[in-house]
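# Residue-level structure breakdown
Next come the chains, spelled out residue by residue.
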Amino acid sequence: MHIKSQSSLVLFWRLAAFYAAYFLAFGIYMPYWPLWLDSIGLTTIEIGWVLAGTFWIKVIVQPAVAQFVDQKGRTRSLTTSLMVLSSLGFCFLSGLDTFWPVLIIAVLTAACYQPVLPVMESVVLQHTKNNNLDYGKIRLWGSITFIIGTTGAGWILTETSTKNFIWVLIFTMALIAISCALAPNEPHKMRNNLKKPRQWKSIITKPFILFIISVGLIQISHSVLYGFGTLHWRDLGHNETTIGLFWSIGVFSEIVLFAFAGKYKDRIGPITLLTSAALASTVRWLLLAVLENEIALFVTQILHCFTFGAAHLGAMIFLSRTIPTDIFATGQGIYYTLVGGVFSGCMLPISGILFTSMAGDAFYLMGFLSTLALLSLYLLSRCSFQTLGKDR
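The following refers to the structure shown. (Residues numbered from 1 in each chain as written. Predicted model: local features only at pLDDT ≥ 70, side-chain atom pairs only at ≥ 80, totals over all residues. Heavy atoms only, no water.)

## A look at the overall build of the protein chain
Note the threshold: Helical segments are the DSSP runs of H or I of at least four residues, strand segments are the runs of E of at least two, and each set is numbered from the N terminus. With the radius of gyration taken over C-alpha atoms, the globule rule is written as 2.2 Å times the number of residues to the power 0.38. Under the scheme applied here, a residue whose accessible area is under 20% of the maximum for its type counts as buried, over 50% as exposed, and between as partly exposed, the area being computed with a 1.4 Å probe on protein chains only. Exposure was quantified through the Shrake-Rupley algorithm and a 1.4 Å probe, taking into account, for residues, occlusion by the shown protein chains and nothing else. Charge counting treats Lys and Arg as positive and Asp and Glu as negative, with His and both chain ends excluded. By convention, the point assigned to a charge is CZ for Arg, NZ for Lys, CD for Glu and CG for Asp.
Of regular secondary structure, the protein chain possesses 17 helices and zero strands. Compactness check: the protein chain gives a C-alpha radius of gyration of 20 Å against a globular reference of 21 Å for 392 residues, within 12% of the reference. Burial analysis of the protein chain (392 residues in total) assigns 58% to the buried set. Taken as a whole, the protein chain presents about 15,800 Å² of accessible surface, with 67% of it coming from carbon and sulfur. Here the protein chain contributes 26 positive and 17 negative side-chain charges, whose respective centroids are spaced 18 Å apart.

## What about a nonpolar patch on the surface?
Where we set the bar: To count toward a patch, a residue needs a relative accessible area over 30% and no salt bridge; like charges are then connected within 9 Å, while nonpolar side chains (Val, Leu, Ile, Met, Phe, Trp, Tyr) are connected within 5 Å. Salt bridges are counted wherever a side-chain nitrogen of Lys or Arg sits within 4 Å of a carboxyl oxygen of Asp or Glu.
Side chains of Ile 45, Trp 49, Trp 56 and Ile 353 sit close together on the surface and give an oily, nonpolar patch of about 370 Å² of accessible area. Sort the elements by how many residues they give to the nonpolar patch and helix H2 (residues 44-56) lands first, with three residues. Looking at the secondary structure, you find Ile 353 in helix H16 (residues 328-358). Given a relative accessible area of 48%, Ile 353 falls into the partly exposed group.

## What about the packing of aromatic side chains?
Test applied: Centres within 6.5 Å are what make two rings of Phe, Tyr or Trp a pair, Trp counting through its six-membered ring; a difference in plane orientation under 30 degrees is then read as stacked, over 60 as edge-to-face, and the rest as tilted. Charge-over-ring contacts are defined here by two conditions on Lys NZ or Arg CZ: a distance within 6 Å of the ring centre and an angle within 35 degrees of the ring normal.
Taken as a whole and judged by the stated rule, the model has 27 aromatic pairs. An angle of 65 degrees between the planes, with centres 5.6 Å apart, marks the rings of Phe 26 and Tyr 113 as edge-to-face. Of this pair, Phe 26 sits in helix H1 (residues 6-39) while Tyr 113 sits in helix H5 (residues 99-113); the two residues are 87 residues apart in sequence, bridging distant segments of the chain. Taken individually, Phe 26 and Tyr 113 each receive the classification buried, so the pair is uniform in this respect. Counting every residue linked through ring pairs, the aromatic cluster contains Phe 18, Tyr 19, Tyr 22, Phe 23, Phe 26, Tyr 29, Trp 33, Trp 36, Phe 90, Tyr 113 and Phe 165. The ring of Phe 23 carries Arg 139 above its face, with NZ or CZ at 4.0 Å from the centroid.

## A look at the side chain of Ser 87
For clarity, the threshold we go by: Throughout, a contact is declared for two residues whenever any of their heavy atoms are within 4.5 Å.
By the element assignment, Ser 87 lies in helix H4 (residues 75-93). In this view, Ser 87 contacts Ile 170, Met 173 and Ala 174; residues no more than four positions away in its chain are not counted.

## Thoughts on the pattern of salt bridges
According to the stated counting rule, one finds two salt bridges in the structure shown. A salt bridge links Asp 38 to Arg 234, with the shortest nitrogen-to-oxygen separation between them at 3.1 Å. Here Asp 38, found in helix H1, pairs with Arg 234, found in helix H11 (residues 223-235); they are 196 residues apart in sequence, far enough to count as distant. A salt bridge links Arg 139 to Glu 254, with the shortest nitrogen-to-oxygen separation between them at 3.5 Å. With Arg 139 in helix H7 (residues 135-159) and Glu 254 in helix H12 (residues 240-268), this pair connects stretches of sequence that are 115 residues apart. Take Glu 254: its relative accessible area is 3%, and that puts it in the buried class.

## Brief notes about the packing of helix H13 (residues 270-290) against helix H17 (residues 362-381)
Inclusion rule: For helices, the axis comes from a line fit to the C-alpha atoms of the stretch in contact; other axes are also lines fit to C-alpha atoms, and the angle between any two N-to-C directions lies between 0 and 180 degrees. For classification purposes, angles smaller than 35 degrees are called roughly parallel, those larger than 145 roughly antiparallel, those between 65 and 115 roughly perpendicular, and all remaining angles oblique. Handedness of a crossing is defined here by the sense of rotation of the near helix relative to the far one, left-handed for an anticlockwise turn of less than a right angle and right-handed for a clockwise turn. Following the grouping adopted for this structure description, the nonpolar residues are Ala, Val, Leu, Ile, Met, Phe, Trp, Tyr, Cys and Pro, the charged ones are Asp, Glu, Lys and Arg, and the polar ones are all others, Gly among them.
It is the contact of H13 with H17, at a shortest axis distance of 8 Å, that shows an interaxial angle of 165 degrees. Taken together, H13 and H17 sit at an angle that is classed as roughly antiparallel. Crossing hand, H13 versus H17: left-handed. Facing Ile 271, Leu 274, Thr 275, Ala 278, Leu 279, Ser 281, Thr 282, Trp 285, Leu 286, Leu 288, Ala 289 and Val 290 of H13, the residues of H17 in contact are Phe 363, Tyr 364, Met 366, Gly 367, Ser 370, Thr 371, Ala 373, Leu 374, Leu 377, Leu 380 and Ser 381. Residue composition of the contact of H13 with H17, by class: 16 nonpolar, seven polar and no charged.

## A few points about the environment of Ile 57
As for its placement among the helices and strands, Ile 57 is situated in the loop between H2 and helix H3 (58-72). Look at Ile 57 and you get buried, because its relative accessible area is 15%. With 69 residues separating them in the primary sequence, Ile 57 and Gln 126 have C-alpha atoms 26 Å apart. With residues up to four places along the chain from it excluded, the contact list for Ile 57 reads Val 107, Ala 110, Ala 111 and Gln 114.

Dropping the structure here:
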């Protein structure tokens, strides 16, 4: 890994430390949060609504936080405070076991942690661009700790009680707060014209809309996996340790992609990366609908390097090429609000209903969503997209 100077090396690890802490926590949260909700007595449909609520809150908080960042900056103190509040929120959740209190506190807690990743992604992308650092090699440290989180938590849950999950999560949320306190603020930028109406409205162009639709369809095709994959694999007879390994092998393949794709990203381009993600998603969901064998599931999970890794890298490249620096946090916030908030928030309760009635066959419908993404990507490929937000 070539890094130009000692200051660049320090910056690299300060940025990587955030991803390491964040995805350690979410390597625990994503696979096992539905399992913990199940352990306290919530039904599958109620779990779907809790998951959806934690995504819908993005629609409110992410644009507001993004606007604050573009106008005021102060990313370090903001993200640190939000993650401290997130840890406290999960402390409150540890004592609850009925639907409505869990839903309300979970949504309020999500209002604190959901804006943190898009804000920090904006900070990382600007620093990597200004200092000629490789985003993929910084981001892969998050993938490494995601594996540690999923496998470690899987072992803990197998050896102890599922209810202990929440305390591990609280600890790792506190680690994110520490990493945010150690991270750099966003680079200084001019803020003179941020109140002009054109600043965010001019981002919403035909290419950007097609981009959001494409990435959104790929993202929500993961809904059954993210919401109920752990429950599905447990129903097939696999224990928590094996399930943790299922999640880990997918993320390990993602590490490989992040490690090597940065070198070729300018040659490959965002459309090619997103198209490979949509194709791989179609294949992956069709296979998960029919496979039960442990070895076959391990092999299928390798496709995660494309269905998530290539999609995420393609999206970040598209945003960094098309959104002007002075409103980058706003553009990033719109992306996360629509894709991670509106799209996923609408799909997760539907996924809960589908999984309740169809079990693993719900993956067939996820494959159909991936196929639709290919159509919107074809339309996007026929558009010429320049820097969005420019005065015309």
